[in-house]
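Summary of structural features
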Amino acid sequence: MDDVKNIVTAIKKGDIKPIYFLTGEEPYFIDKISDYIEDHVLPEEEKGFNQMVLYGRDVTVDDIIGNAKRYPMMAERQVIIVKEAQDLSRTIEQLLPYAENPQPTTVLVFNYKYKKLDKRKKLHKAIAKTGVIYENKRLYENQVVDWIQKEMHTRGYQMAPKAAQMLLEFLGNQLDKIDNELKKLQLISPKGTTITPELIEENIGISKDFNIFELRKAIGSKDNLKAHRIINYFSQNEKDHPMVMTVGMLFSFFVQLQQYHALNDQSENNVARALKVNRFFVKDYITAARNYNMKKVSSIISYLREADVKGKGVGAANVPQGDLLKELLFKIIN
């Protein structure tokens, strides 16, 4: 995230490079940089003649080089953006001669999503020398919650940690999908609003009471009644709450709980850092640790592995997923 800000800040200051090669597993940040260049490097009146968007599936590397070598029309520079550039992965090394000596009046942007350049190859070294290579990875779950809160803060809103966690659970760590939902919330909420679980429930359709976050909390506190209510809800809504996801999230929780038991320093800050969770959720691990000792946690992890296999149809092909979850819950809490 800091790399994105640094690139945008440099462009704002007029430090514009001839090549931007944007790569990695998280398309959201690639699009952020690319969109900023598309929107801000050229004034509006120059874009008609001097800004071009190409798509990797429709062009060759030679086509891109040919366009990049042209001079801008009555302007200081031209901008060429190659979207879905990963479709050129088999021939991208042909860009090397141009990367070694790029046209100084061209800003050439590659959106090379879900892939990255081999750092051992000459092309990577050439672009790093003459332009900018940006690489990213998918954010971890704990990083996504922090990102949501920081992003909404920059937009003039506050985001309750539980509300951010609900979005993460429902949408996963795909930032582009999360961003779309955040924009919807902005449309209906005046600046300065705190985005609460109730707002999420009312406007996005995610239940604030029946979700994996609440299930983990209920199991951690050994609230058998609440846990069973959530499991029953999941059983009736298998499409939105598939067993494989439920078991996976519970598995992550108990692996982290196992790590918690092994910590010498169980202060809040250290737990958050070691488990890679938001500080707001540390109390849930403290409560769960009181209810499940290390030996029990190890057994639960085994139960979860068994449930995962059964949920995929091995040894329990005709058993409803709801029944499998109820059996799993009984083993965990008892």
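Preceding this section is the structure that the text describes.
In this report, the structure presented in the accompanying data block is examined. (Residues numbered from 1 in each chain as written. Predicted model: local features only at pLDDT ≥ 70, side-chain atom pairs only at ≥ 80, totals over all residues. Heavy atoms only, no water.)

This next bit is on the packing of aromatic side chains. What the rule picks out here adds up to 10 aromatic pairs. Measuring from ring centre to ring centre gives 5.7 Å for Phe254 and Tyr292, while their planes differ by 90 degrees; the resulting arrangement is edge-to-face. Residue Phe254 is located in helix H13 (residues 243–262), and its partner Tyr292 is located in the loop between helix H15 (282–291) and helix H16 (294–311); the two are separated by 38 residues in the primary sequence. For the pair formed by Phe254 and Tyr292, the shared burial category is buried. Chaining the aromatic ring pairs together yields one cluster made of Phe253, Phe254, Tyr285 and Tyr292. Over the aromatic face of Tyr140 sits the side chain of Lys276, whose NZ or CZ is 4.8 Å from the ring centroid. Above the ring of Phe280, the side-chain terminus of Lys283 is found at 3.8 Å from the ring centroid. (Phe/Tyr/Trp six-rings, centres within 6.5 Å; stacked < 30°, edge-to-face > 60°. Helix = DSSP H or I, 4+ residues; strand = E, 2+ residues; numbered from the N terminus. Buried < 20%, exposed > 50% of the residue type's maximum accessible area, 1.4 Å probe, protein only. Lys NZ or Arg CZ within 6 Å of the ring centre and 35° of its normal.)

We now examine the environment of Ile212. Among the structural elements, Ile212 can be located in helix H11 (residues 212–220). Using a relative accessible area of 4% as the deciding quantity, one classes Ile212 as buried. As a C-alpha pair, Ile212 and His241 span 29 residues in sequence and 8.4 Å in three-dimensional space.

The next subject is the pattern of salt bridges. As enumerated under the stated definition, the model contains 20 salt bridges in all. Two residues, Glu181 and Lys184, come together in a salt bridge whose shortest N-O distance is 3.2 Å. Remark: Lys184 and Glu181 occur in helix H9 (residues 175–188); sequence separation between them is three residues, near one turn of the helix. Given a relative accessible area of 13%, Glu181 falls into the buried group. A salt bridge links Lys312 to Asp308; the nearest nitrogen and oxygen atoms lie 3.1 Å apart. A network of salt bridges, in which partner residues are shared, links Glu151, Arg155, Asp179 and Lys183. (Salt bridge = Lys/Arg side-chain N within 4 Å of Asp/Glu carboxyl O.)

The strand order across the open sheet formed by five strands is E2-E3-E4-E1-E5, and the pairing between neighbours is parallel. Of all strands in the sheet, those bounded by a partner on one side alone are strand E2 (51–55) and strand E5 (132–136). When strand polarity is set aside, the average angle formed by the axes of neighbouring strands in this sheet is 10 degrees. Contacting E2, strand E3 (78–83) and strand E4 (106–113), helix H4 (residues 61–68) runs over the sheet at an angle of about 165 degrees to E3. Together, strand E1 (19–24) and E5 form the strand contacts of helix H6 (residues 122–130), whose direction differs from that of E5 by roughly 115 degrees. (Pairing = 2+ DSSP bridges. Axes fitted to C-alpha atoms, helices over the stretch in contact; angles between N-to-C directions. Contact = heavy atoms within 4.5 Å.)

Below, the discussion takes up the packing of helix H7 (residues 141–154) against helix H8 (residues 161–171). The N-to-C vectors of H7 and H8 enclose an angle of 125 degrees; their axes lie 9 Å apart at closest approach. When the interaxial angle is binned, H7 and H8 end up oblique. Considering the relative orientation of H7 and H8, their crossing is right-handed. Every residue of H8 that contacts H7 at Glu141, Val144, Val145, Ile148 and Gln149 is listed here: Pro161, Ala164, Gln165, Leu167 and Leu168. (Parallel < 35°, antiparallel > 145°, perpendicular 65-115°, else oblique. Left-handed = near helix turned anticlockwise from the far one by under 90°.)

Here the phi dihedral of Tyr114 falls at roughly 65 degrees; this positive angle occurs in a residue that is not glycine. In this structure, Tyr114 sits in the loop between E4 and H6. One non-glycine residue with positive phi stands out, namely Lys276, at about 60 degrees. Tracing the chain through its elements places Lys276 in the loop between helix H14 (268–275) and H15. Here Lys276 falls in the partly exposed class, since its relative accessible area comes to 45%.

Quick look at the side chain of Glu26 now. Mapping Glu26 onto the fold places it in the loop between E1 and helix H2 (27–40). Polar contacts involving the side chain of Glu26 include one to the side chain of Arg138, which spans 3.0 Å. (Polar contact = N/O pair within 3.5 Å; in protein donor to acceptor, adjacent residues only side chain to side chain.)

Where H11 contacts H13, the axes come no closer than 10 Å and their chain directions differ by 45 degrees. With respect to H13, the element H11 is oriented oblique. Handedness of the crossing formed by H11 with H13: right-handed. Facing H11, whose interface residues are Ile212, Leu215, Arg216 and Ile219, H13 presents Thr246, Met249, Leu250, Phe253 and Phe254. Looking at the contact of H11 with H13, its residues break down into seven nonpolar, one polar and one charged. (Nonpolar A, V, L, I, M, F, W, Y, C, P; charged D, E, K, R; others polar.)

This part covers H11. An α-helix turns once per 3.6 residues; consequently, residues spaced three or four apart project the same way. In terms of burial, H11 is a largely internal element, eight of the nine residues being buried. Where H11 is concerned, the buried positions are Ile212, Phe213, Glu214, Leu215, Arg216, Ala218, Ile219 and Gly220. Near the N-terminus of H11, the side chain that reaches the backbone nitrogen of Phe213, with its oxygen 3.1 Å away, is that of Asn211. Backbone geometry just downstream of H11 places Lys222 in the positive-phi region, at approximately 60 degrees.

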